[in-house]
Amino acid sequence: MSSALTDLFPHPIVQAPMAGGVSVPKLAAAVCEAGGLGFLAAGYKTADGMYQEIKQLRSLTGRPFGVNVFMPQPEYADPAAVDVYAHQLAGEATWYEAELGDADSGRDDGFEAKLVVLRDNPVPVVSFHFGVPSREVVDALHRVGTFVLAAATTPDEARAVERAGADAVIAQGVEAGGHQGTHRDIPETDGSGLGLLSLIAQVREAVSIPIIAAGGIMRGSQIAGVLAAGASAAQLGTAFLATTESGAHALHKQALTNPLFVRTELTRAFSGRPARGLVNRFLREHGPYAPAAYPEIHHLTAPLRKAAAKAGDAQGMALWAGQGHRMARDLPAGQLVEVLAGELAAARASLTSGGVL
């Protein structure tokens, strides 16, 4: 990775931006202060809401940080399929005494307004999810001194990220919790995503820009593994979801290591886009029937998810988690960064001395 970007964070540890209230300023600040790169998640927020969080984060740390933005989504959902799914969810609405949300609540997530804020009030790093920004957008951010990253789940997507002029690509393996950052949502490819190590190897041969590896990473030894495979840094989400400063609901944190939730699965049940979460009742009952319709399904189910959380019912919540969720540690975020850095150093020393990870 270019020294200018590497110098932003002493440890090759990036805290993944987790939308929905998880990646709050105090979490990002704690990661930054410990030597990692903390991220705010602008997804599902207004441009002003994003700006207020940036101001709050700056009051907590003088270290560099990042902001993640969702790309606008094309209109490809079948309205009839959305209506059928809404009908299927009627029982959930009755059970939680909640109204279904408006599926037509908007699909660009305030993209242009957020770009204006980020150009007028530059931040050190901006990353993009669900697609790649235009060269014009990347150049505009570069002009104000911002490094640009974008997620990719295939070598072809990584090439698109490089063509756009981004400084690095976030290679997201299928192990990752939350939404897959695919540039195009193609239902026929559901479940066919690449594992992280295979993805790193293929992306490394496809592009010349640095790689940040994401997907199922929970230990410093795994960070050593992806660095050895060709990545310049590792991005961890689920590992930070369980930390003290995380804004995740208490039930969500507890579920990561609760024996009741034994596995994760990619599902469209909550948002209409493939996302990995702990298998609960809602996912089992509705996942097989959820259409490819993002953000329509996200808007539709939002009141149900909020009502389930308010009722203390983890079986109706979107419990996003990566495949390594069982390895989650209940630690302050800064301490977790220190532990991960220590594990990474130990793993590197073991490799140098001819040992095993």
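Residues numbered from 1 in each chain as written. Predicted model: local features only at pLDDT ≥ 70, side-chain atom pairs only at ≥ 80, totals over all residues. Heavy atoms only, no water.

**Some points on the sheet that holds strand β6 (residues 168–172)**
- Read from one edge of the open sheet, 8 strands run β1-β9-β8-β6-β5-β4-β3-β2, paired in parallel fashion. The open sheet terminates on both sides in strands that have one partner only, identified here as β1 (13–15) and β2 (39–41). For this sheet the average axis-to-axis angle between neighbouring strands, irrespective of direction, equals 25 degrees.
- In this structure, strand β8 (residues 211–214) lies alongside strand β9 (residues 233–236), joined through 3 bridges in parallel fashion. (Pairing = 2+ DSSP bridges. Helix = DSSP H or I, 4+ residues; strand = E, 2+ residues; numbered from the N terminus. Axes fitted to C-alpha atoms, helices over the stretch in contact; angles between N-to-C directions.)

**Here we look at the nonpolar core**
- Among the nonpolar cores identified, the biggest contains 104 residues, and V67, L118, F128, V169, I223, L236 and F240 are the most heavily contacted of them.
- Among residues more than four places away in sequence, those in contact with L236 are I13, V14, Q15, A16, I217, M218, I223 and L340. (Core = buried A, V, L, I, M, F, W, Y, C linked by side-chain atoms within 4.5 Å. Buried < 20%, exposed > 50% of the residue type's maximum accessible area, 1.4 Å probe, protein only. Contact = heavy atoms within 4.5 Å.)

**Digging into the packing of aromatic side chains**
- Inspection of the entire model under this criterion finds 6 aromatic pairs.
- Taken together, a centroid distance of 5.3 Å and an interplanar angle of 80 degrees make the contact between Y44 and F70 edge-to-face. In this pair, Y44 sits in the loop between β2 and α3 (47–60) while F70 sits in strand β3 (residues 66–70), placing the two residues 26 residues apart along the sequence.
- Pairing F70 with F130 gives two aromatic rings, centres 4.9 Å apart and planes at 50 degrees, and the pair type is tilted. Taken together, the residues F70 in strand β3 and F130 in the loop between β4 (125–129) and α7 (135–143) connect sequence positions 60 residues apart.
- The structure contains a cluster of three or more aromatic residues connected by ring pairs, namely Y44, F70, F130 and Y294. (Phe/Tyr/Trp six-rings, centres within 6.5 Å; stacked < 30°, edge-to-face > 60°.)

**With respect to a negative patch on the surface**
- A contiguous patch of negative charge, built from E75, D78, D83, D102 and D104, is present on the exposed surface.
- One can find D78 in the loop between β3 and α4 (79–88).
- D78 gets classed as partly exposed once you look at its relative accessible area, which sits at 44%. (Patch = residues over 30% accessible without salt bridge, like charges linked within 9 Å, V, L, I, M, F, W, Y side chains within 5 Å. Areas by Shrake-Rupley, 256 points an atom, 1.4 Å probe, with all protein chains shown as cover. Salt bridge = Lys/Arg side-chain N within 4 Å of Asp/Glu carboxyl O. Lys, Arg positive; Asp, Glu negative; His and termini not counted. Charge placed at Lys NZ, Arg CZ, Asp CG, Glu CD.)

**Overview of helix α10 (residues 220–228)**
- For α10, the full list of buried residues reads G220, I223, A224, V226 and L227. For α10, the buried positions fall inside an angular range of 165 degrees around the axis, keeping them on one side.
- Close packing links the buried residues of α10 with β1, α9 (196–206), β8, β9 and α15 (333–352).
- A positive backbone phi angle near 125 degrees is found at G230, which sits one or two residues after α10. (Arc of directions from axis to C-beta.)

**As for the sheet that holds strand β7 (residues 178–179)**
- Pairing within the open sheet is antiparallel, and its 3 strands lie in the order β7-β11-β10. Among the strands making up the open sheet, the edge pair consists of β7 and β10 (264–267).
- In this sheet, strand β11 (residues 275–278) lies alongside β7 in antiparallel orientation, the contact comprising 2 bridges. Bridge pairing in β11 places G178 opposite R276.

**A closer look at the side chain of T238**
- In this fold, T238 is placed in helix α11 (residues 238–241).
- Judged by relative accessible area, T238 falls into the buried class, the value being 9%.
- Looking at T238, its side chain comes within polar contact range of the main-chain nitrogen of G322, at 2.8 Å.
- Beyond its immediate sequence surroundings of up to four residues, T238 is in contact with M18, G177, M218, L256, A321, G322 and H325. (Polar contact = N/O pair within 3.5 Å; in protein donor to acceptor, adjacent residues only side chain to side chain.)

**As for the environment of L336**
- Mapping L336 onto the fold places it in helix α15.
- L336 sits 264 residues away from P72 along the chain, and the two C-alpha atoms are 33 Å apart.
- Among all residues touching L336, those that are not within four sequence positions of it are A239, F240, T243, R329 and L331.

**A short note on unusual backbone geometry**
- Look at the link from Y294 to P295: it is a cis peptide, with omega at 10 degrees.
- Positionally, P295 belongs in the loop between α13 (281–286) and α14 (296–310).
- Notably, E97 is not glycine yet its phi reads approximately 55 degrees, a positive angle.
- Tracing the sequence through the fold places E97 in the loop between α5 (90–96) and α6 (111–120).
- Although it is not a glycine, D109 adopts a positive phi angle of roughly 55 degrees.
- In this structure D109 comes out as partly exposed when scored by relative accessible area, which is 23%.

**Some thoughts on the pattern of salt bridges**
- If you walk through the whole model with that rule in mind, you get 11 salt bridges.
- A salt bridge links R281 to E92, with the nearest nitrogen and oxygen atoms 2.7 Å apart. Placement of R281 in helix α13 and of E92 in helix α5 is noted, with a sequence separation of 189 residues between them. An identical accessibility class is assigned to R281 and E92; each is buried.
- Among the salt bridges present, the one from R268 reaches D190, with a minimum N-O distance of 2.9 Å. Note that R268 is positioned in the loop between β10 and β11 and D190 in the loop between β7 and α9, a separation of 78 residues in sequence.
- Look at R268 and you get buried, because its relative accessible area is 6%.
- Accessibility expressed as a relative area gives 39% for D190, which makes it partly exposed.

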